[in-house]
Amino acid sequence: MSPDFDDVRWQPIGRPLAGFIPRMEALTRLAAGEHAGVPVSGTVYGVLHNDPKALAALGEQAHQPPYKTPPKAPVLYVKPRNTLVGHGSPILVPADAPALLMGAALGAMIGRTACRVREEDALDVVAGYTVVNDVTVPHDNFYRPSIRHRIRDSFCPVGPWIRPAAQSPHPDNLKVRTWIDGALMLDSSTHGFVRPLARLIAEISDFMTLQPGDLLLTGVPFGGFDAPLARAGQRVAIEIEGIGQLENPLVAEQALKGVPA
């Protein structure tokens, strides 16, 4: 059954992916303090340097060995299952990284098998969109992704739901905002990326098959020297226009897991 226009796909914690419910019902659940589960069943793929400002910030690094030239294809990395948490769940702050970089990103949920998809047809394989916080331990901006800084436990909050693609027909022109403790720290958009979503899907599906349930992040807007950093005890909220708002507290990993200092 097709969803109504204002329905969202809701994921209860600890249960299989649910069907569509009215968005207002989901908002009521969140307002009542209910945490949402992770609405992802497949692999989560991130894309590095899709914001041209991030690529420009590499400067001469992009021309140094071993690469000697800026990337000519999407630079991908994976956010594995241990990184995934839902709306309202804590982001764990490790002892060796007192501040974490909050990475606001639009997530495109793949709805059907995508192999060698043409760019003009690429958006047809997208089932819906969600909000993602691609959390990272701050580090030197190397050419390729630093995996150990990106895949710590809880480093990929997703949610609070999946908004059907038909409700957001323009994924390449959505406002993206990040707040930390209520203070606006990033005011950007998905506009002007090196690879718009359709091109991104086309180029990736040319060399690997995307499966239903996979989540493709379109890229994190470059924050430069003012990139949003958050610490234990703070709360981060990421809003993407027309998609939703994802909120998570930051908690010291040692305090939550009871690990001796």
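Our subject is the structure that appears above.
Analysis parameters
Residues numbered from 1 in each chain as written. Predicted model: local features only at pLDDT ≥ 70, side-chain atom pairs only at ≥ 80, totals over all residues. Heavy atoms only, no water. Helix = DSSP H or I, 4+ residues; strand = E, 2+ residues; numbered from the N terminus. Buried < 20%, exposed > 50% of the residue type's maximum accessible area, 1.4 Å probe, protein only. Contact = heavy atoms within 4.5 Å. Areas by Shrake-Rupley, 256 points an atom, 1.4 Å probe, with all protein chains shown as cover. Core = buried A, V, L, I, M, F, W, Y, C linked by side-chain atoms within 4.5 Å. Pairing = 2+ DSSP bridges. Axes fitted to C-alpha atoms, helices over the stretch in contact; angles between N-to-C directions. Salt bridge = Lys/Arg side-chain N within 4 Å of Asp/Glu carboxyl O.

Peer 1: Just to check I follow, could you spell out the overall build of the chain for this structure?
Peer 2: Counting its regular elements, the chain contains four helices and 16 strands. By the burial criterion, 49% of the 261 residues in the chain qualify as buried. Nonlocal contacts in the chain, meaning residues at least 24 apart in sequence, comprise 75% of its contacts between residues at least 6 apart. When the accessible surface of the chain is summed, it comes to about 12,100 Å², and 55% of that surface belongs to carbon and sulfur atoms.

Peer 1: Would you take a moment to explain the environment of P22 for this structure?
Peer 2: On the secondary structure map, P22 appears in strand β2 (residues 20-22). Classification of P22 as partly exposed rests on a relative accessible area of 42%. Through-space distance from the C-alpha of P22 to that of D7 is 4.3 Å; in sequence the pair is 15 residues apart.

Peer 1: Could you clarify how one ought to interpret the nonpolar core in this entry?
Peer 2: Ranked by internal contacts, the top residues of the largest apolar core, which has 40 residues, are L100, M102, V126, Y129, I201, L216 and L250. Counting only elements with at least two residues in this core, the list comes to β3 (44-48), β6 (91-93), β8 (104-110), β9 (126-133), β11 (175-180), α3 (197-205), β15 (235-240) and β16 (244-252). Of all the elements, α3 adds the most residues to this core, at five residues. Those residues in contact with Y129 that sit more than four places away from it in its chain are L106, G107, A108, L123, W161, I162, R163, A165, S168, P171, L197 and I243. Counting residues in each nonpolar core, the second largest holds twelve residues, with V38, V40, V44 and I162 among its members.

Peer 1: Quick question: what am I supposed to make of the sheet that holds β16 here?
Peer 2: Paired through their backbone hydrogen bonds, the strands of a sheet run either parallel or antiparallel. Here five strands make up an open sheet; going across it, the order is β6-β16-β15-β11-β12 and the pairing mixed. Unpaired on one side and paired on the other, β6 and β12 (183-189) mark the two borders of the sheet. Neighbouring strand axes in the sheet, compared pairwise and without regard to direction, differ in orientation by 20° on average. Pairing analysis gives three bridges linking β6 to β16, with the strands arranged parallel. Each bridged residue has a counterpart across the sheet, and for V93 the counterpart in β16 is A252.

Peer 1: Could you clarify how one ought to interpret the pattern of salt bridges in this entry?
Peer 2: Pairing is possible between side chains that carry opposite charge, provided their charged atoms lie close to one another. Scanning all chains against the criterion turns up ten salt bridges. For D187, the salt bridge is made with R177, and the minimal N-O distance between the two is 3.6 Å. With D187 in strand β12 and R177 in strand β11, this pair connects stretches of sequence that are ten residues apart. With its nearest N and O atoms 2.7 Å apart, the salt bridge here joins R195 to E203. Here E203 falls in the partly exposed class, since its relative accessible area comes to 22%. Salt bridges sharing partners connect three or more residues here, namely K79, D134 and R150.

Peer 1: Just checking my understanding: could you explain the environment of A127 for this structure?
Peer 2: Its location among the elements puts A127 in strand β9. Excluding residues within four positions of it along the chain, A127 makes contact with M109, I110, G111, R163, P164 and A165.

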